[in-house]
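Reading the structure
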Amino acid sequence: MTAAASYDAIILGAGAAGLMCAAVAGQRGRRVLLLDHADAPGKKILISGGGRCNFTNVHTAPDRYISANPHFAKSALSRYTARDFIDLVEAYRIAWHEKTLGQLFCDGSAKQIVAMLVEECAKGRVEIACEAPIAAVEHRDAQFHVEFGARTASAPALVIATGGPSIPKMGATGFAYDLARQFRLKVVEPRPALVPLTLGGEEVLFRSLAGVAAEVVAKAGKTAFREAALFTHRGLSGPAILQISSYWRNGEAIGVDFLPDSAPGWLREAKRSTPRTTLARLLGAALPDRLADTLAERLALPTELANILDGKLEAAERRLADWRFIPNGSEGFAKAEVTIGGIATAGLSSQTMEARSVPGLYAIGEAVDVTGWLGGYNFQWAWASGWAAGQAL
Ligand SMILES: Cc1cc2nc3c(=O)[nH]c(=O)nc-3n(C[C@H](O)[C@H](O)[C@H](O)COP(=O)(O)OP(=O)(O)OC[C@H]3O[C@@H](n4cnc5c(N)ncnc54)[C@H](O)[C@@H]3O)c2cc1C
(Lines give C-alpha, C1' and ligand atoms only; values in the text may rest on other atoms or scores of the structure.)
Protein backbone atom coordinates (compact mmCIF):
# COMPACT_ATOMS: atom_id res chain seq x y z
CA MET A 1 0.00 0.00 0.00
CA THR A 2 1.20 3.53 -0.77
CA ALA A 3 1.98 5.87 2.12
CA ALA A 4 -0.97 7.76 3.54
CA ALA A 5 -1.48 11.18 1.98
CA SER A 6 -1.79 13.77 4.69
CA TYR A 7 -4.30 16.60 4.95
CA ASP A 8 -5.48 19.09 7.56
CA ALA A 9 -9.01 17.72 7.35
CA ILE A 10 -10.86 14.84 5.72
CA ILE A 11 -14.56 15.36 5.11
CA LEU A 12 -16.72 12.28 4.53
CA GLY A 13 -19.70 13.03 2.27
CA ALA A 14 -19.76 15.56 -0.58
CA GLY A 15 -23.36 16.57 -0.06
CA ALA A 16 -24.72 19.97 0.92
CA ALA A 17 -23.00 20.18 4.31
CA GLY A 18 -19.73 18.54 3.25
CA LEU A 19 -19.30 20.79 0.20
CA MET A 20 -19.92 23.94 2.25
CA CYS A 21 -17.59 22.81 5.03
CA ALA A 22 -14.84 21.86 2.57
CA ALA A 23 -15.10 25.17 0.69
CA VAL A 24 -14.93 27.23 3.89
CA ALA A 25 -12.02 25.27 5.38
CA GLY A 26 -10.17 25.20 2.05
CA GLN A 27 -10.52 28.93 1.58
CA ARG A 28 -9.13 29.37 5.10
CA GLY A 29 -5.98 27.68 3.86
CA ARG A 30 -6.65 24.16 5.14
CA ARG A 31 -5.63 21.20 2.99
CA VAL A 32 -8.93 19.37 2.61
CA LEU A 33 -9.87 15.99 1.16
CA LEU A 34 -13.59 15.55 0.44
CA LEU A 35 -14.71 11.94 -0.11
CA ASP A 36 -17.97 10.49 -1.44
CA HIS A 37 -18.97 7.04 -2.60
CA ALA A 38 -21.31 8.47 -5.25
CA ASP A 39 -20.02 9.19 -8.74
CA ALA A 40 -20.53 12.95 -8.36
CA PRO A 41 -20.93 15.47 -5.54
CA GLY A 42 -24.23 16.95 -4.39
CA LYS A 43 -26.60 14.35 -5.82
CA LYS A 44 -29.41 15.12 -3.37
CA ILE A 45 -29.09 18.79 -4.17
CA LEU A 46 -29.68 17.93 -7.84
CA ILE A 47 -33.02 16.23 -7.18
CA SER A 48 -34.14 18.70 -4.54
CA GLY A 49 -37.02 21.10 -4.97
CA GLY A 50 -38.18 19.27 -8.11
CA GLY A 51 -34.78 19.96 -9.75
CA ARG A 52 -34.80 23.67 -8.78
CA CYS A 53 -33.39 23.30 -5.25
CA ASN A 54 -35.27 25.11 -2.51
CA PHE A 55 -31.91 26.27 -1.20
CA THR A 56 -33.01 28.27 1.85
CA ASN A 57 -35.93 29.86 3.64
CA VAL A 58 -36.00 33.54 4.56
CA HIS A 59 -37.95 32.67 7.73
CA THR A 60 -35.21 30.42 9.07
CA ALA A 61 -35.37 30.37 12.87
CA PRO A 62 -34.42 27.75 15.45
CA ASP A 63 -38.08 26.96 16.25
CA ARG A 64 -38.44 25.50 12.76
CA TYR A 65 -36.09 22.67 13.63
CA ILE A 66 -36.70 19.48 15.59
CA SER A 67 -33.98 18.15 17.87
CA ALA A 68 -33.68 16.57 21.32
CA ASN A 69 -32.02 19.90 22.20
CA PRO A 70 -34.04 22.70 20.57
CA HIS A 71 -31.28 25.23 21.43
CA PHE A 72 -28.47 23.38 19.67
CA ALA A 73 -29.00 24.83 16.18
CA LYS A 74 -29.18 28.45 17.37
CA SER A 75 -25.49 29.29 17.25
CA ALA A 76 -24.76 27.94 13.77
CA LEU A 77 -28.00 29.30 12.28
CA SER A 78 -27.28 32.78 13.63
CA ARG A 79 -23.70 32.85 12.36
CA TYR A 80 -24.47 31.68 8.82
CA THR A 81 -27.89 32.94 7.81
CA ALA A 82 -30.23 32.61 4.85
CA ARG A 83 -28.96 36.08 3.78
CA ASP A 84 -25.38 34.79 3.73
CA PHE A 85 -26.35 31.97 1.39
CA ILE A 86 -28.42 34.31 -0.81
CA ASP A 87 -25.35 36.59 -1.07
CA LEU A 88 -23.30 33.63 -2.27
CA VAL A 89 -25.98 32.62 -4.80
CA GLU A 90 -26.12 36.21 -6.06
CA ALA A 91 -22.33 36.46 -6.31
CA TYR A 92 -22.61 33.58 -8.81
CA ARG A 93 -25.44 35.39 -10.64
CA ILE A 94 -27.82 32.50 -10.03
CA ALA A 95 -31.34 33.82 -10.55
CA TRP A 96 -33.83 32.85 -7.86
CA HIS A 97 -37.39 33.48 -6.78
CA GLU A 98 -39.52 33.10 -3.68
CA LYS A 99 -42.18 30.50 -4.31
CA THR A 100 -44.28 30.56 -1.16
CA LEU A 101 -43.82 30.82 2.62
CA GLY A 102 -40.30 32.22 2.30
CA GLN A 103 -39.04 29.30 0.20
CA LEU A 104 -36.31 30.32 -2.26
CA PHE A 105 -35.73 28.32 -5.45
CA CYS A 106 -33.39 28.66 -8.43
CA ASP A 107 -35.14 30.04 -11.53
CA GLY A 108 -32.98 27.68 -13.57
CA SER A 109 -31.66 24.46 -12.11
CA ALA A 110 -30.29 22.87 -8.93
CA LYS A 111 -27.19 22.11 -11.04
CA GLN A 112 -26.23 25.76 -10.59
CA ILE A 113 -26.06 25.32 -6.79
CA VAL A 114 -23.85 22.23 -7.10
CA ALA A 115 -21.61 23.97 -9.67
CA MET A 116 -21.33 26.97 -7.31
CA LEU A 117 -20.30 24.81 -4.34
CA VAL A 118 -17.82 22.84 -6.43
CA GLU A 119 -16.34 26.11 -7.66
CA GLU A 120 -16.11 27.36 -4.05
CA CYS A 121 -14.24 24.15 -3.22
CA ALA A 122 -11.91 24.70 -6.16
CA LYS A 123 -11.16 28.20 -4.82
CA GLY A 124 -10.09 26.52 -1.60
CA ARG A 125 -8.04 23.89 -3.47
CA VAL A 126 -10.17 21.12 -2.00
CA GLU A 127 -9.40 17.68 -3.38
CA ILE A 128 -12.68 15.95 -4.19
CA ALA A 129 -12.60 12.16 -4.56
CA CYS A 130 -15.84 10.56 -5.78
CA GLU A 131 -16.57 6.86 -6.23
CA ALA A 132 -14.58 6.45 -3.06
CA PRO A 133 -16.29 3.94 -0.79
CA ILE A 134 -14.84 4.25 2.67
CA ALA A 135 -13.45 0.92 3.85
CA ALA A 136 -12.20 1.86 7.31
CA VAL A 137 -11.65 4.80 9.64
CA GLU A 138 -9.16 4.61 12.47
CA HIS A 139 -7.98 7.07 15.07
CA ARG A 140 -4.49 6.78 16.48
CA ASP A 141 -1.68 9.18 17.40
CA ALA A 142 -4.15 12.09 17.24
CA GLN A 143 -4.67 11.37 13.53
CA PHE A 144 -7.67 9.97 11.67
CA HIS A 145 -6.73 7.41 9.03
CA VAL A 146 -9.27 6.78 6.28
CA GLU A 147 -9.00 3.88 3.87
CA PHE A 148 -10.89 4.34 0.63
CA GLY A 149 -10.37 2.29 -2.51
CA ALA A 150 -6.67 1.50 -2.67
CA ARG A 151 -5.74 4.71 -0.89
CA THR A 152 -5.26 5.84 2.68
CA ALA A 153 -5.38 9.42 3.86
CA SER A 154 -4.75 10.89 7.28
CA ALA A 155 -5.54 14.13 9.01
CA PRO A 156 -5.91 15.50 12.53
CA ALA A 157 -9.55 16.38 11.76
CA LEU A 158 -12.38 14.26 10.39
CA VAL A 159 -15.85 15.54 9.51
CA ILE A 160 -18.84 13.20 9.31
CA ALA A 161 -21.08 14.67 6.59
CA THR A 162 -22.61 11.54 5.09
CA GLY A 163 -26.21 12.60 5.78
CA GLY A 164 -29.05 10.34 6.82
CA PRO A 165 -30.60 7.18 5.36
CA SER A 166 -33.50 8.89 3.54
CA ILE A 167 -33.75 7.80 -0.13
CA PRO A 168 -31.24 4.91 -0.10
CA LYS A 169 -31.73 4.66 -3.88
CA MET A 170 -29.72 7.90 -4.07
CA GLY A 171 -26.79 6.41 -2.17
CA ALA A 172 -27.97 7.50 1.27
CA THR A 173 -26.73 5.31 4.11
CA GLY A 174 -26.65 5.09 7.89
CA PHE A 175 -22.86 5.24 7.69
CA ALA A 176 -22.74 8.40 9.84
CA TYR A 177 -24.36 6.55 12.73
CA ASP A 178 -22.00 3.55 12.45
CA LEU A 179 -19.04 5.88 12.53
CA ALA A 180 -20.49 7.89 15.42
CA ARG A 181 -20.96 4.68 17.41
CA GLN A 182 -17.42 3.61 16.55
CA PHE A 183 -16.32 6.79 18.36
CA ARG A 184 -18.82 6.20 21.18
CA LEU A 185 -21.05 9.11 20.25
CA LYS A 186 -24.73 8.59 21.03
CA VAL A 187 -27.30 8.40 18.24
CA VAL A 188 -30.90 9.53 18.69
CA GLU A 189 -33.03 6.84 17.05
CA PRO A 190 -33.41 7.83 13.39
CA ARG A 191 -36.85 7.79 11.80
CA PRO A 192 -38.22 8.99 8.49
CA ALA A 193 -39.55 12.57 8.39
CA LEU A 194 -41.19 14.79 5.78
CA VAL A 195 -42.73 11.55 4.57
CA PRO A 196 -46.16 10.51 3.20
CA LEU A 197 -48.36 8.67 5.70
CA THR A 198 -50.25 5.48 4.87
CA LEU A 199 -53.85 4.61 5.71
CA GLY A 200 -55.27 1.15 6.37
CA GLY A 201 -58.35 -0.40 7.94
CA GLU A 202 -61.55 1.62 7.58
CA GLU A 203 -59.55 4.54 6.24
CA VAL A 204 -58.46 2.74 3.06
CA LEU A 205 -61.71 4.09 1.62
CA PHE A 206 -60.00 7.47 1.41
CA ARG A 207 -57.53 5.98 -1.05
CA SER A 208 -60.22 6.23 -3.72
CA LEU A 209 -59.58 9.97 -3.53
CA ALA A 210 -56.04 9.51 -4.92
CA GLY A 211 -55.00 12.70 -6.70
CA VAL A 212 -57.43 15.00 -4.83
CA ALA A 213 -55.80 17.93 -3.00
CA ALA A 214 -57.15 20.62 -0.67
CA GLU A 215 -55.77 23.35 1.54
CA VAL A 216 -56.14 22.14 5.12
CA VAL A 217 -54.68 22.57 8.57
CA ALA A 218 -52.96 19.33 9.61
CA LYS A 219 -52.37 18.88 13.34
CA ALA A 220 -50.39 16.59 15.62
CA GLY A 221 -50.43 17.49 19.30
CA LYS A 222 -49.88 21.23 19.58
CA THR A 223 -48.29 21.56 16.15
CA ALA A 224 -50.31 22.61 13.10
CA PHE A 225 -49.48 23.42 9.47
CA ARG A 226 -51.77 25.13 6.99
CA GLU A 227 -50.84 23.95 3.52
CA ALA A 228 -52.09 21.57 0.83
CA ALA A 229 -52.87 17.93 1.66
CA LEU A 230 -53.01 15.33 -1.08
CA PHE A 231 -54.77 11.97 -1.03
CA THR A 232 -52.64 9.21 -2.58
CA HIS A 233 -53.06 5.54 -3.50
CA ARG A 234 -51.44 4.69 -0.18
CA GLY A 235 -52.78 7.40 2.09
CA LEU A 236 -51.91 11.05 2.65
CA SER A 237 -49.21 13.34 1.31
CA GLY A 238 -48.78 16.98 0.24
CA PRO A 239 -46.86 19.66 2.16
CA ALA A 240 -49.25 19.81 5.15
CA ILE A 241 -48.95 16.06 5.71
CA LEU A 242 -45.18 15.94 5.09
CA GLN A 243 -44.73 18.69 7.67
CA ILE A 244 -46.93 17.03 10.26
CA SER A 245 -45.29 13.63 9.66
CA SER A 246 -42.19 14.97 11.44
CA TYR A 247 -44.26 15.43 14.59
CA TRP A 248 -46.30 12.23 14.25
CA ARG A 249 -45.48 9.02 16.14
CA ASN A 250 -46.60 5.52 15.17
CA GLY A 251 -50.02 4.72 16.59
CA GLU A 252 -51.03 8.35 17.09
CA ALA A 253 -53.79 10.20 15.25
CA ILE A 254 -53.38 13.31 13.14
CA GLY A 255 -56.18 15.84 12.88
CA VAL A 256 -57.18 17.55 9.64
CA ASP A 257 -59.26 20.71 9.48
CA PHE A 258 -60.83 20.55 6.02
CA LEU A 259 -62.40 24.00 6.29
CA PRO A 260 -59.86 26.21 8.06
CA ASP A 261 -61.59 29.42 6.97
CA SER A 262 -65.05 28.58 8.24
CA ALA A 263 -66.28 30.47 11.32
CA PRO A 264 -67.57 28.58 14.35
CA GLY A 265 -71.29 27.84 13.94
CA TRP A 266 -71.13 28.05 10.12
CA LEU A 267 -73.24 24.92 9.59
CA ARG A 268 -76.09 26.10 11.81
CA GLU A 269 -75.86 29.46 10.09
CA ALA A 270 -76.09 27.72 6.69
CA LYS A 271 -79.17 25.84 7.92
CA ARG A 272 -80.87 29.17 8.58
CA SER A 273 -79.79 30.93 5.41
CA THR A 274 -80.07 27.97 2.98
CA PRO A 275 -82.27 25.32 4.64
CA ARG A 276 -82.94 23.43 1.39
CA THR A 277 -79.30 22.71 0.62
CA THR A 278 -77.47 19.51 1.59
CA LEU A 279 -74.17 19.02 3.38
CA ALA A 280 -72.61 17.52 0.24
CA ARG A 281 -73.55 20.60 -1.78
CA LEU A 282 -72.28 22.96 0.92
CA LEU A 283 -68.97 21.13 1.18
CA GLY A 284 -68.74 21.04 -2.63
CA ALA A 285 -68.64 24.84 -2.64
CA ALA A 286 -65.42 24.82 -0.60
CA LEU A 287 -63.75 21.51 -1.44
CA PRO A 288 -63.10 19.37 -4.54
CA ASP A 289 -66.31 17.43 -5.41
CA ARG A 290 -64.93 13.95 -4.73
CA LEU A 291 -63.64 14.96 -1.33
CA ALA A 292 -66.89 16.78 -0.47
CA ASP A 293 -68.94 13.70 -1.43
CA THR A 294 -66.74 11.33 0.57
CA LEU A 295 -66.82 13.50 3.70
CA ALA A 296 -70.58 14.02 3.43
CA GLU A 297 -71.09 10.28 2.95
CA ARG A 298 -69.04 9.53 6.06
CA LEU A 299 -70.94 12.12 8.08
CA ALA A 300 -74.13 10.28 7.03
CA LEU A 301 -76.36 13.36 6.90
CA PRO A 302 -77.92 12.99 3.44
CA THR A 303 -81.03 15.12 3.86
CA GLU A 304 -81.58 18.86 3.54
CA LEU A 305 -80.07 20.92 6.36
CA ALA A 306 -83.55 21.98 7.51
CA ASN A 307 -84.21 18.36 8.55
CA ILE A 308 -81.03 17.94 10.60
CA LEU A 309 -80.95 18.72 14.32
CA ASP A 310 -78.61 21.55 15.34
CA GLY A 311 -76.71 19.17 17.63
CA LYS A 312 -75.92 16.89 14.71
CA LEU A 313 -74.75 19.83 12.63
CA GLU A 314 -72.49 20.96 15.46
CA ALA A 315 -71.01 17.46 15.72
CA ALA A 316 -70.43 17.40 11.95
CA GLU A 317 -68.76 20.79 12.13
CA ARG A 318 -66.44 19.60 14.90
CA ARG A 319 -65.53 16.53 12.89
CA LEU A 320 -64.81 18.52 9.74
CA ALA A 321 -62.56 20.84 11.77
CA ASP A 322 -60.61 17.96 13.32
CA TRP A 323 -61.01 14.85 11.16
CA ARG A 324 -59.01 12.12 12.87
CA PHE A 325 -56.87 9.86 10.75
CA ILE A 326 -54.81 7.15 12.39
CA PRO A 327 -52.08 6.38 9.84
CA ASN A 328 -50.93 2.77 9.97
CA GLY A 329 -47.41 3.84 9.05
CA SER A 330 -45.39 6.01 6.72
CA GLU A 331 -43.81 5.36 3.34
CA GLY A 332 -40.51 5.04 5.21
CA PHE A 333 -36.95 6.04 4.36
CA ALA A 334 -37.57 5.14 0.71
CA LYS A 335 -39.77 8.24 0.38
CA ALA A 336 -38.69 10.41 3.32
CA GLU A 337 -37.18 13.74 2.44
CA VAL A 338 -35.13 13.78 5.64
CA THR A 339 -34.30 11.83 8.77
CA ILE A 340 -35.29 12.86 12.26
CA GLY A 341 -32.80 11.88 14.92
CA GLY A 342 -29.15 11.14 14.27
CA ILE A 343 -25.91 11.91 16.07
CA ALA A 344 -26.90 13.26 19.48
CA THR A 345 -26.20 16.96 19.87
CA ALA A 346 -25.35 16.45 23.55
CA GLY A 347 -21.95 15.11 22.46
CA LEU A 348 -21.20 18.01 20.08
CA SER A 349 -20.20 21.65 20.46
CA SER A 350 -22.94 23.88 19.04
CA GLN A 351 -20.25 26.43 18.08
CA THR A 352 -18.01 24.16 16.06
CA MET A 353 -19.83 20.80 15.68
CA GLU A 354 -16.78 19.10 17.21
CA ALA A 355 -17.33 16.00 19.35
CA ARG A 356 -16.66 16.83 22.98
CA SER A 357 -15.11 13.44 23.69
CA VAL A 358 -13.05 13.05 20.49
CA PRO A 359 -11.02 16.16 19.63
CA GLY A 360 -10.79 16.61 15.88
CA LEU A 361 -13.98 14.70 15.08
CA TYR A 362 -16.89 16.77 13.73
CA ALA A 363 -20.44 15.98 12.55
CA ILE A 364 -22.59 18.26 10.37
CA GLY A 365 -25.75 18.34 8.26
CA GLU A 366 -28.48 15.74 8.30
CA ALA A 367 -26.25 13.23 10.12
CA VAL A 368 -26.81 15.30 13.27
CA ASP A 369 -30.03 15.24 15.31
CA VAL A 370 -31.34 18.51 13.83
CA THR A 371 -34.20 18.33 11.33
CA GLY A 372 -35.88 21.26 9.66
CA TRP A 373 -39.37 21.86 8.36
CA LEU A 374 -40.13 21.45 4.70
CA GLY A 375 -39.22 24.50 2.65
CA GLY A 376 -35.46 25.08 2.45
CA TYR A 377 -34.79 24.74 6.18
CA ASN A 378 -32.81 21.52 5.85
CA PHE A 379 -30.39 22.97 3.34
CA GLN A 380 -29.97 26.05 5.53
CA TRP A 381 -28.99 23.74 8.39
CA ALA A 382 -26.53 21.93 6.10
CA TRP A 383 -24.95 25.24 5.01
CA ALA A 384 -24.87 26.69 8.56
CA SER A 385 -23.48 23.61 10.29
CA GLY A 386 -20.98 23.07 7.45
CA TRP A 387 -19.88 26.68 7.73
CA ALA A 388 -19.50 26.46 11.52
CA ALA A 389 -17.28 23.39 11.28
CA GLY A 390 -15.39 24.86 8.30
CA GLN A 391 -14.49 27.88 10.45
CA ALA A 392 -13.16 25.63 13.21
CA LEU A 393 -11.05 23.22 11.16
C1 LIG B 1 -36.14 14.25 -2.85
C2 LIG B 1 -35.57 15.24 -1.88
C3 LIG B 1 -35.77 16.60 -2.06
C4 LIG B 1 -35.29 17.50 -1.12
N5 LIG B 1 -35.51 18.82 -1.35
C6 LIG B 1 -35.07 19.73 -0.44
C7 LIG B 1 -35.23 21.12 -0.67
O8 LIG B 1 -35.70 21.53 -1.73
N9 LIG B 1 -34.81 21.96 0.30
C10 LIG B 1 -34.20 21.54 1.46
O11 LIG B 1 -33.83 22.34 2.30
N12 LIG B 1 -33.98 20.22 1.67
C13 LIG B 1 -34.40 19.32 0.74
N14 LIG B 1 -34.15 18.00 0.95
C15 LIG B 1 -33.36 17.59 2.14
C16 LIG B 1 -31.87 17.85 1.82
O17 LIG B 1 -31.55 17.23 0.60
C18 LIG B 1 -30.99 17.30 2.93
O19 LIG B 1 -31.41 17.81 4.17
C20 LIG B 1 -29.53 17.72 2.70
O21 LIG B 1 -29.09 17.20 1.46
C22 LIG B 1 -28.65 17.22 3.82
O23 LIG B 1 -27.33 17.54 3.51
P24 LIG B 1 -26.11 16.62 3.98
O25 LIG B 1 -24.90 17.18 3.35
O26 LIG B 1 -26.16 16.44 5.44
O27 LIG B 1 -26.45 15.21 3.36
P28 LIG B 1 -26.48 14.79 1.82
O29 LIG B 1 -26.74 15.98 0.97
O30 LIG B 1 -27.41 13.63 1.75
O31 LIG B 1 -25.00 14.33 1.52
C32 LIG B 1 -24.45 13.16 2.08
C33 LIG B 1 -23.39 12.67 1.13
O34 LIG B 1 -22.72 11.59 1.75
C35 LIG B 1 -22.53 10.55 0.80
N36 LIG B 1 -22.45 9.28 1.51
C37 LIG B 1 -23.44 8.65 2.19
N38 LIG B 1 -22.98 7.50 2.72
C39 LIG B 1 -21.67 7.41 2.35
C40 LIG B 1 -20.67 6.45 2.58
N41 LIG B 1 -20.93 5.35 3.29
N42 LIG B 1 -19.45 6.67 2.06
C43 LIG B 1 -19.20 7.78 1.33
N44 LIG B 1 -20.10 8.73 1.08
C45 LIG B 1 -21.33 8.55 1.59
C46 LIG B 1 -23.74 10.64 -0.13
O47 LIG B 1 -23.45 10.09 -1.39
C48 LIG B 1 -23.96 12.15 -0.18
O49 LIG B 1 -23.31 12.77 -1.25
C50 LIG B 1 -34.59 17.06 0.02
C51 LIG B 1 -34.36 15.70 0.18
C52 LIG B 1 -34.83 14.79 -0.76
C53 LIG B 1 -34.54 13.34 -0.55
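One can find the structure itself at the top, above this paragraph.
Now for a quick tour of the structure.

Thresholds applied
- Each chain carries its own residue numbering, running from 1 in the written order of its sequence.
- Totals for whole chains, interfaces and linings use all residues, but because this is a predicted model, local features are given only for residues with pLDDT of at least 70 and pairs of side-chain atoms are given and counted only at 80 or more.
- Hydrogens and water are ignored here; the side-chain numbers use all heavy atoms of the structure.
- Helix numbering and strand numbering both begin at the N terminus, where a helix is a DSSP run of H or I of at least 4 residues and a strand a DSSP run of E of at least 2.
- Throughout, exposure labels follow a simple rule: accessible area from a 1.4 Å probe, protein chains only, divided by the maximum for the residue type, with under 20% read as buried, over 50% as exposed, and the rest as partly exposed.
- Whether two residues touch is decided by their heavy atoms; if any such pair falls within 4.5 Å, the residues are in contact.
- Residue exposure ignores everything except the shown protein chains as possible cover, and the areas themselves are Shrake-Rupley values with a 1.4 Å probe.
- Neither His nor the chain ends is counted toward charge; the positive residues are Lys and Arg and the negative residues Asp and Glu.
- A single reference atom marks each charge: NZ on Lys, CZ on Arg, CG on Asp, CD on Glu.
- Near is defined per residue: the residue qualifies when any heavy atom it owns lies within 4 Å of the molecule or strand.
- Whenever a nitrogen or oxygen atom comes within 3.5 Å of another N or O atom, the pair is scored as a polar contact, on the condition that within protein one atom can donate a hydrogen and the other can accept it, and that pairs from neighbouring residues in sequence are kept only if both atoms are in side chains.
- Three classes are used, and their members are as follows: Ala, Val, Leu, Ile, Met, Phe, Trp, Tyr, Cys and Pro are nonpolar, Asp, Glu, Lys and Arg are charged, and the others, Gly among them, are polar.
- Put simply, buried Ala, Val, Leu, Ile, Met, Phe, Trp, Tyr and Cys residues joined by side-chain atoms within 4.5 Å make one nonpolar core.
- A cavity, in this analysis, means grid points on a 1 Å lattice covering only the protein atoms where a 1.4 Å probe fits yet has no way out; a pocket is instead an open set bounded by protein on both sides within 12 Å along at least five of seven lines, and a residue lines either one if it has an atom within 4 Å of a point.
- Grid points are joined across faces, edges and corners, and a volume is the space filled by probe spheres set on the points.
- When DSSP finds at least two bridges between two strands, those strands are taken to pair.
- Multiply 1.5 Å by the residue count of a helix minus one, and that product is the helix's expected span.
- We count a salt bridge whenever a side-chain nitrogen from Lys or Arg sits within 4 Å of a carboxyl oxygen from Asp or Glu.

Once that is clear, we can look at the overall build of the chain. When helices and strands are tallied, the chain shows 12 helices and 23 strands. Seen along its three principal axes, the alpha-carbon backbone of the chain occupies a region of about 85 × 40 × 35 Å. Looking at the chain residue by residue over its 393 residues, the buried ones come to 52%. Contacts spanning at least 24 positions in sequence make up 72% of the contacts within the chain whose residues lie at least 6 apart. Accessible area of the chain: about 17,000 Å², with a carbon and sulfur share of 52%. Each charge class in the chain can be summarised by its mean position, and for the 41 positive and 39 negative side chains these summaries are 2 Å apart.

We now examine the site of the ligand. For the ligand, the set of nearby residues contains 30 residues, the closest of which are A17, D36, T173, E366 and F379. The separation between an oxygen atom of the ligand and a polar main-chain atom of E366 is 2.8 Å. In this structure, an oxygen atom belonging to the ligand sits 3.5 Å away from a main-chain N or O atom of G376. Expressed as a share of its isolated accessible area of 990 Å², the protein-covered part of the ligand is 92%. Secondary structure elements with two or more residues in the shell around the ligand: α1 (16-27), α2 (43-47) and α12 (377-392). Looking at the shell around the ligand element by element, the count peaks at 4 residues for α12. Class assignment of the residues belonging to the shell around the ligand gives a composition of 13 nonpolar, 13 polar and 4 charged.

Within the secondary structure, N57 sits in strand β4 (residues 54-57). N57 gets classed as buried once you look at its relative accessible area, which sits at 0%. Here the side chain of N57 touches H59 through a polar contact of 2.8 Å, landing on its backbone nitrogen. In this structure the side chain of N57 is engaged in a polar contact, spanning 2.9 Å, whose partner is the backbone oxygen of G375. Residues within four places of N57 in sequence aside, it is in contact with A82, L101, G102, Q103, G375, G376 and Y377.

Core analysis: the largest hydrophobic core is formed by 124 residues, its most contacted members being I113, F258 and W383. When near neighbours in sequence (up to four residues on either side) are disregarded, F258 contacts E215, V216, F231, L287, L291, L295, L320, W323 and F325. In this structure, I66, A193, L194 and L242 belong to the second largest nonpolar core, which totals 7 residues.

Time to look at the layout of surface pockets. Roughly 160 Å³ of volume is contained in the second largest pocket. Every residue along the wall of the second largest pocket is listed here: N57, H59, R64, L101, Q103, F225, R226, E227, Q243, W373, L374 and Y377. Of all the elements, strand β16 (residues 223-231) adds the most residues to the lining of the second largest pocket, at 3 residues. Looking at side-chain class alone, the lining of the second largest pocket contains 5 nonpolar, 4 polar and 3 charged residues.

Below, the discussion takes up the sheet that holds strand β1 (residues 5-6). Here we have 4 strands laid out as an open sheet, ordered β1-β11-β10-β9, and mixed in their pairing. The sheet is open, and its two borders are formed by β1 and β9 (134-140), each paired with just one other strand.

Taking 1.5 Å per residue as the helical rise, α1 with its 12 residues ought to reach 16 Å, and the 17 Å between its terminal C-alpha atoms agrees with that figure. Along α1, 11 of the 12 residues are buried, which leaves the element largely enclosed by surrounding structure. Looking only at α1, the buried set comprises A16, A17, G18, L19, M20, C21, A22, A23, V24, A25 and G26.

Time to look at the pattern of salt bridges. Considering all chains together, one arrives at 19 salt bridges under this definition. R83 is the partner of D87 in a salt bridge, and the nearest nitrogen-oxygen pair spans 3.0 Å. Of this pair, D87 and R83 are both found in helix α4 (residues 82-91), 4 residues apart, which corresponds to roughly one turn of the helix. Residue classification places D87 among the partly exposed positions, given a relative accessible area of 38%. R268 serves as the salt-bridge partner of E314, at 3.0 Å between the closest nitrogen and oxygen.

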